[in-house]
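# Summary of the model geometry
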Amino acid sequence: MKKKWWHNKTAYQIYPKSFLDTDGDGIGDLKGVIKKLDYLKNLGIDIIWLSPIYCSPLADQGYDISDYYNIDPRFGTMEDMDTLLAEAKKRDMHILMDLVVNHCSDEHEWFKKACEDPDGPYGKFFYIEDYKDGDKLPCNWRSYFGGPVWEKLPGHDDKIYFHAFHKKQPDLNWENPLLRKEVYKMINWWLDKGLDGFRIDAIINIKKLLPFRDFPADREDGLSSIINMIENAEGVGFFLNEMAEETFRKHNAFTVGEVFNAKEEELPLFIGDNGYFSSMFDFEEAIINASQKGGFNAKDVTAEQYKEAIFRSHSRMENIGFLSNIIENHDEPRGVSHFIPEKDLTETAKKMLAGIYYFMPGLPFIYQGQEIGMENVRFDSIDEYDDIATIDEYKVALSAGLSEKEALDAISKISRDNARTPYQWDDTKNAGFTTGKPWLSVNKNYCKINLASQITDPNSVFSFYKKMISVRDNSSYSDTLVYGKFTPYMKEVKNLLAYTREGDKKLLIIANFGNEKQTITLPKKVASVIISNTGRDAITDTNIELLGYEFLLCELYM
Ligand code: GLC
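Described below are features of the structure shown in this document. (Residues numbered from 1 in each chain as written. Predicted model: local features only at pLDDT ≥ 70, side-chain atom pairs only at ≥ 80, totals over all residues. Heavy atoms only, no water.)

## With respect to the environment of Thr346
Of note, Thr346 is situated in the loop between helix 10 (335–339) and helix 11 (347–358). Since its relative accessible area comes to 39%, Thr346 is described here as partly exposed. Within polar-contact distance, the side chain of Thr346 engages the backbone nitrogen of Ala349 at 3.1 Å. (Helix = DSSP H or I, 4+ residues; strand = E, 2+ residues; numbered from the N terminus. Buried < 20%, exposed > 50% of the residue type's maximum accessible area, 1.4 Å probe, protein only. Polar contact = N/O pair within 3.5 Å; in protein donor to acceptor, adjacent residues only side chain to side chain.)

The following block contains the structure:
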């Protein structure tokens, strides 16, 4: 594996709508991001991924783009974007935008032109089929946000178009070379402007299984999961390689793909040296206990399942490339609420979870608010939720027979809005996020969990993150933590999550993923404790009694 400039960096995801609002409209903006660059630099962040800020009707919060070349006025102006790029460069920070090119918005001019003339050139930018009421649909796939993937083409009773996500997100037809050319032109336009790269959205969906065909129905609605399309479509690599060749490689851009369901034999093509992307998210930990029936049916994740998932995905990547590691993002519940049982949700446990994922091989991403231990939100009514996926999940839960209260309980665990509530800066009104009315309610726990109360406290979750970042990225342990060999340790011991990283030093990462003490024999004597979440500063014996949720990063004698 060739060494790259970004290997010893830490990345941070900003969801601009919920980060910081500087003009009082209740929506976070680019000026808010610029204002907090110094905060992020001080935390130790080098790479920032911005969720979409392009013009958009915001049906799916910006993942439905109506103009790829402009900034949505709610987020700011192109001038703000230029300022952000310049200010980041000054601080030696790198900005990534979200590249959403599986689909655009139904309000994009390409789609409007396709509706005007479905047989014209823009009709071929989409998947449009002839259809008469009563006909069978071309395939019975269920869109990610519920209902069939087909929708009547506006203005045409005899035509339908394909949407893998919401009906306001028509899929772009990547089989059409003219469409691909337009996409590459746009990517190059941003890279020429000085952008450092992209996080690439839903990209595995660009290859459709053609001709469209049915799969056995898997719910009462008579539809089948769209995952069948991804598992059976061959040839996405051609598009991905062409895109990389025409755009990213020419600019030496940094890219991270959102890749569900990558086939093991294809991993070197995805993120090996000269792969389609620099890195990727594989979501092994996010899909634990995913249920065919719907999110409401997902069971709580156990420590053993978590260990199994993260170890498996890293073993697959060994010597191939750098995965991007997360515990949460804007599509997931908060990691601490998802992976730690509610009754055990303490600062100690939050730090333990942070330590485990952060020192795994790969590039760590921190999602906004994670560094202060933000938790899931509990809304009292479905009307308080905004996210389209959550609202669909709620309906699915009701139609599966759950009561309104049960459905609300179920979605409160999985809702994407858990991660989208405003950043908790301090304990003033609206957590210091806005002087107006926030577009999504602030989590009521903001007086307890906020940055202002943590930033100068050496024992806070924030300080723990800051320490982890400086140890991994800028210390005598960096080379081992970034490139050292990863080996699971005592994998079979229940609620123990431990591994070594070996390079010019030998390091042990060890965590008791449970609230009961356990005694463990260490592989070697400990030379020094580098990070602890309990204040332990030395270990003299090779037998150690780990406290509940204790985490340690130590150097071992070679
Ligand atoms: C990705 C995004 C998600 C969005 C979807 C459709 O999964 O992360 O937020 O809804 O793609 O663009």
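Picking up after the structure, the text goes on.
## A few points about the nonpolar core
Membership of the largest hydrophobic core comes to 178 residues, with the highest contact counts inside it found for Met81, Phe198 and Tyr306. By size, the runner-up hydrophobic cluster in this structure holds 15 residues, among which are Leu496, Ala498, Val526 and Leu556. (Core = buried A, V, L, I, M, F, W, Y, C linked by side-chain atoms within 4.5 Å.)

## Let's talk about the pattern of salt bridges
Following the criterion strictly, the structure yields 43 salt bridges and no others. Between Lys136 and Asp214 there is a salt bridge, and its shortest N-O distance comes to 3.0 Å. With Lys136 in the loop between strand 6 (128–130) and strand 7 (141–142) and Asp214 in the loop between strand 10 (197–200) and strand 11 (224–225), the pair connects residues that are 78 residues apart, well separated along the chain. Through salt bridges that share partners, Asp60, Asp331, Asp387, Arg416 and Arg420 make up one connected network. (Salt bridge = Lys/Arg side-chain N within 4 Å of Asp/Glu carboxyl O.)

## Structural notes on the environment of Asp171
Along the chain, Asp171 falls in the loop between strand 9 (159–162) and helix 5 (177–192). Between the C-alpha atom of Asp171 and that of Lys299, which follows or precedes it by 128 residues, the distance is 32 Å. Apart from the residues within four sequence positions on either side, Asp171 is in contact with Asn102, His103, Phe125, Phe126, Tyr127, Phe162, His163, Ala164, Phe165 and Lys208. At a separation of 2.7 Å, a polar atom in the side chain of Asp171 contacts the side chain of Lys208. (Contact = heavy atoms within 4.5 Å.)

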